[in-house]
Amino acid sequence: MKTITRSLKTLVFLCVIFNSGLALADGMGKLGLLYMSSSSEDSGAESKSTRTLYDVALYYKFQGSPWVLGGLYQNDAQASDSTTVNRTSYGVSGGLMTRKESGGYLLATYFVSSTYGDYKEGSGFQLDFGYKVPTKIPLAFQLSYKSYDYSKYNHKDTKLDPYFVVIADF
């Protein structure tokens, strides 16, 4: 119930900002991808593991400003020979994004909800440091620092992940 209340407050806040006269110019979508695979052999037994991570974000860019505001959805699936554990998180995101075809950006996300396997009711944050590369397909490289807290279970988790990112303006 607490998460639903926070999510509704966030949605109302975003609606008020975007429907007010603050002059919203245009939007932007960002898709970040990471895939890792590893295998090892110990005493003749082979072990394989994979990690598939994606972030989907939508932002509004304010007129004449590098500021963006929006939301981010994240799914992180870690699979080994016998188990698969998913982390699903979503939250409010914003920061600075260059308006040029190339250049750096800094985005921060507060996760209002995060689940990780049996851990529920988590929260956390993510900081994205990226650089857009001028190509026909708008690509970027990004490094993300993430911190998750599942206080009900006394579990904290941090990650540092590199991403390939596609950015689309609309």
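Bear in mind the structure is a predicted one, so any value in this text is a computation, not a measurement.

Asks: Please give an account of the overall build of the protein that cites residues and values.
Replies: When you go through the protein residue by residue, the secondary structure sums to 1 helix and 8 strands. Counted from the first residue to the last, the protein has its helices and strands arranged as α-β-β-β-β-β-β-β-β. The 170 residues of the protein split such that 37% are buried. Partitioning the intrachain contacts of the protein with sequence separation of at least 6 by distance along the chain shows that 52% fall at a separation of at least 24.

Asks: Provide a residue-level description of the nonpolar core, including the pertinent values.
Replies: Core analysis: the largest hydrophobic core is formed by 18 residues, its most contacted members being Tyr 59, Met 97, Tyr 105 and Ile 167. Within the residue set of this core, elements represented by two or more residues are strand 1 (24-42), strand 2 (45-62), strand 3 (67-80), strand 5 (103-116), strand 7 (139-150) and strand 8 (155-169). Examining the composition of this core, we find that 4 residues originate from one element, strand 5, more than from any other. In this structure, Met 97 is in contact with Met 28, Pro 66, Val 68, Tyr 105, Leu 107, Lys 132 and Ile 167, ignoring residues within four places of it in sequence.

Asks: Could you give an account of the pairing of strand 6 (residues 119-133), naming the residues involved and the relevant values?
Replies: In terms of strand pairing, strand 5 meets strand 6 through 11 bridges, oriented antiparallel. The residue bridging Thr 109 from the neighbouring strand is Gln 126, located in strand 6. Between strand 5 and strand 6, which pair antiparallel one after the other, the connecting turn spans 2 residues, and Gly 117 there sits at a positive phi close to 60°. When strand 6 meets strand 7, the two strands line up antiparallel, connected through 11 bridges. Counterpart to Phe 125 in the pairing with strand 7 is Ser 147.

Asks: Can you break down the environment of Pro 66 residue by residue, with the values?
Replies: Looking at where Pro 66 falls in the secondary structure, it is placed in the loop between strand 2 and strand 3. Residues Pro 66 and Met 97, 31 residues apart in the sequence, show an inter-C-alpha distance of 5.2 Å. What Pro 66 contacts, discounting residues up to four positions off in sequence, is Gly 95, Leu 96, Met 97 and Arg 99.

Asks: Account for the pairing of strand 8, with residues named and values stated.
Replies: Note that strand 7 and strand 8 share 12 bridges and pair antiparallel. When the bridges of strand 8 are listed, Asp 149 appears paired with Lys 156. As consecutive antiparallel partners, strand 7 and strand 8 are separated by 4 residues, and within that stretch Asn 154 has a phi angle of approximately 55°, a positive value.

Asks: So, unusual backbone geometry: which residues are in play, and what are the values?
Replies: Although it is not a glycine, Glu 121 adopts a positive phi angle of roughly 60°. Topologically, Glu 121 is positioned in strand 6. Of note in this structure, Asn 154 is not a glycine but carries a positive phi near 55°. Structurally, Asn 154 is set in the loop between strand 7 and strand 8.

Asks: With reference to specific residues and values, describe the packing of aromatic side chains.
Replies: Overall, the coordinates contain 8 aromatic pairs when judged by the stated rule. Taken together, a centroid distance of 6.0 Å and an interplanar angle of 45° make the contact between Phe 125 and Tyr 145 tilted. Residue Phe 125 is located in strand 6, and its partner Tyr 145 is located in strand 7; the two are separated by 20 residues in the primary sequence. Here the aromatic cluster, defined as three or more aromatic residues joined through ring pairs, consists of Tyr 116, Tyr 119, Tyr 150 and Tyr 153. Here Arg 87 stacks its cationic end above the ring of Tyr 116, 4.0 Å away from the centre of that ring.

Asks: Could you give an account of the confidence of the model for the protein, with specific residues and numbers?
Replies: Residues with a pLDDT of 70 or more make up 85% of the protein, whose mean pLDDT is 87. In the model, residues 7-12 has pLDDT below 50 throughout and makes 4 contacts with residues more than four positions away in sequence or in other chains. A low-confidence stretch, residues 14-24 stays under pLDDT 50, and its non-local contacts, those more than four residues away or across chains, total 15 contacts.

Cut-offs and rules
- Residues numbered from 1 in each chain as written.
- Predicted model: local features only at pLDDT ≥ 70, side-chain atom pairs only at ≥ 80, totals over all residues.
- Heavy atoms only, no water.
- Helix = DSSP H or I, 4+ residues; strand = E, 2+ residues; numbered from the N terminus.
- Buried < 20%, exposed > 50% of the residue type's maximum accessible area, 1.4 Å probe, protein only.
- Contact = heavy atoms within 4.5 Å.
- Core = buried A, V, L, I, M, F, W, Y, C linked by side-chain atoms within 4.5 Å.
- Pairing = 2+ DSSP bridges.
- Phe/Tyr/Trp six-rings, centres within 6.5 Å; stacked < 30°, edge-to-face > 60°.
- Lys NZ or Arg CZ within 6 Å of the ring centre and 35° of its normal.
- pLDDT = per-residue confidence, 0-100.

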